[in-house]
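Here's the letter readout for the chains.
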Amino acid sequence: MSAPTTEKHSMSQAPIRIRGARQHNLKNLDLDIQTGELTVVTGVSGSGKSSLVFDTLYAEGQRRYVETFSAYARQFLDRMDKPAVDRVDGVPPAIAIDQTNPVRSSRSTVGTMTELNDHIKLLFARAGALFDAQTAQAVQHDSPETIYAQLQKRAEAGDPRVVLTFPVELPANTSAAEVEQWLSASGFTKVQAEREVATPTGPRKMLDVVADRFRLSNAEKARVIEAIETALKRGGGRLNVYALKEDAEPDMWRYSTGLHCPDSDRRYADPIPSAFSFNSAVGACEVCRGFGRVIGVDYNLVIPNDKLTLRAGAIKPMQTPAWQECQDDLMRHAEIAGIPRDTPWNKLTPEQKHWVIGGTPSYREGQWGKQWYGVKRFFAYLESKAYKMHIRVMLSKYRSYTPCETCGGARLKTESLLWRIGSKELADSVLPPEKRFMPQGVQWSRAQLESLPGLCLHDLMQLPIDKLRRFFGNIEAPVDTADAAALKMLMEEVTTRLRYLSDVGIGYLTLDRQSRTLSGGEVQRINLTTALGTS
């Protein structure tokens, strides 16, 4: 029953009629192509296959499509010439997937070509979870209601007597008694504690002024909420709660409004999509400008033969007569520091290699003769003399593209890599904890990083598409937020595009793979996915 139906369906569609095609090396060709069927154009090289398919059939279809636009819209599009053909009838809308790779920019990746990066950055801006760069604690917007709920949960253990306070900075040359007198005029008569807080400009004294005190089990919710609101208003969005104990120092619970971590006293900006794009100045690393690489010293060129010892000349730039003094400095300081001078470089420990490259850990500027300055400072000195031609020639021998030390090759600012999506269980299923990316500039330990839920943006960019599809296929979008409908649509769009990429056989690629390194067939399938994903 299926064969007649298929034949009837194909016969009901009008064919494409090409008459008098003379584009390039076509010789007045007449041709009918049946729609609804797979048609393959074959022939020897130079027979006119591309001239027929791309330069005649596809070009005429595109030209007619563009002509449907208004004159205003057409002025922004490239002018398309009519192909050398007498008549083309029955051309439906079409897409053309070329096998060539026209991409030359290193900013273009698989993620940008498929527009998945655009969707994922929206997802991070709307559903990402922020973790503090110093303490690795979750940072979220606190309100009086959420603070009250957290106090209730914390008080379940023993219901201690709590004191709600707000911090007031003690101005210079002002005594605590004078500040208390000023506060009493506003109705606040008690100070719970006087603390010293470290700031970038030096230590400052803070007073924790009492807003209210009670046991949560005995206090009405309205009273607690009012005390929290008062403390947040007077404390500039900060609230310190002291949980009193009988025979010990009280515990202090810190809260704050906005994206602020009360323990590290760091405040963060609300997320915007451009903060998660390396093609935007908002999110791109300021050193590498979003490329992930910089032209720097390549230590594989500095130490080309790792089987040599320090004495035998493992550090190649220092083996010339002009820099023999630096080699002598290395030998002298290595003996003092207990660094093996007759052990091959590849047998030295990581700590010993770090000493050679970075210099004495306690090195002070100007102590060239007394401490080992390290290979890194040696090249920094050469950079300062780069106005000399022979120095520039020497530097060029040891330079290459190296990962950016500021962002670790992630292309993004540290603030953008503090946001994560997904649960810990889901993250563990696609990426082992020990392989997760540690953002540069954070003060986390490895254990803290591995205990965090979800993955950061750079982790997602480095996952193969097959694993990324599994990650987004099992992620749970928030259902109790105002953006629930938009997030659901966003998740469906991401999973659909990832499914297309897997179905066409390129699930082994990663989203941060540069487009210019792809083969013609991979580019062809990515372009097909992009066209299907937007249909």
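Whatever comes next refers back to the structure up there.
Reading guide: rules and limits
- Residues numbered from 1 in each chain as written.
- Predicted model: local features only at pLDDT ≥ 70, side-chain atom pairs only at ≥ 80, totals over all residues.
- Heavy atoms only, no water.
- Core = buried A, V, L, I, M, F, W, Y, C linked by side-chain atoms within 4.5 Å.
- Buried < 20%, exposed > 50% of the residue type's maximum accessible area, 1.4 Å probe, protein only.
- Helix = DSSP H or I, 4+ residues; strand = E, 2+ residues; numbered from the N terminus.
- Contact = heavy atoms within 4.5 Å.
- 1 Å grid on protein atoms, 1.4 Å probe; cavity = no way out; pocket = protein on both sides within 12 Å on 5 of 7 lines; lining within 4 Å.
- Points joined across faces, edges and corners; volume = space filled by probe spheres on them.
- Nonpolar A, V, L, I, M, F, W, Y, C, P; charged D, E, K, R; others polar.
- Pairing = 2+ DSSP bridges.
- Axes fitted to C-alpha atoms, helices over the stretch in contact; angles between N-to-C directions.

Draft legend 1. Structural context of the nonpolar core. One finds Leu460, Phe471 and Phe472 to be the most contacted residues of the largest nonpolar core, which totals 56 residues. If one sorts the elements of this core by residue count, helix H18 (residues 484-503) sits on top with six residues. If we skip the residues at most four places from it in the chain, Phe471 touches Ile421, Gly422, Leu426, Ala427, Val430, Leu455 and Leu460. Judged by nonpolar contacts, the second largest core, of 29 residues, contains Ile303, Ala314, Leu395 and Tyr398.

Draft legend 2. Inspection of the layout of surface pockets at higher detail. Its boundaries defined by the atoms lining it, the largest pocket holds a volume of some 950 Å³. Surrounding the largest pocket, 27 residues form its lining, Thr39, Val53, Leu57, Ala94 and Ile95 being those nearest its centre. The element that contributes the greatest number of residues to the lining of the largest pocket is helix H2 (residues 49-67), accounting for eleven residues. Looking at side-chain class alone, the lining of the largest pocket contains 18 nonpolar, six polar and three charged residues. Of the voids in this model, the second largest pocket is the one considered here, and its volume is about 520 Å³. What lines the second largest pocket is a set of 20 residues, and nearest its centre among them are Val197, Thr199, Met206, Arg238 and Asp265. Breaking the lining of the second largest pocket down by element, the ones donating at least two residues are strand S6 (161-169), strand S7 (191-199), strand S8 (202-215), strand S9 (238-243) and strand S10 (251-256). It is S7 that contributes the most residues to the lining of the second largest pocket, four residues altogether.

Draft legend 3. Structural context of the sheet that holds strand S5 (residues 138-139). Spatially, four strands are ordered S5-S4-S15-S16 in an open sheet, and the strand pairing comes out antiparallel. Edge positions in the sheet fall to S5 and strand S16 (455-456), since each of these pairs with one other strand and no more. Pairing geometry for strand S4 (residues 129-131) and strand S15 (residues 419-421), over two bridges, is antiparallel. Looking at S15, one finds that Ala129 is bridged to Arg420. In the packing of helix H5 (residues 116-127) onto the sheet, contacts are made with S4, S15 and S16, and the angle to S15 comes to roughly 100°.

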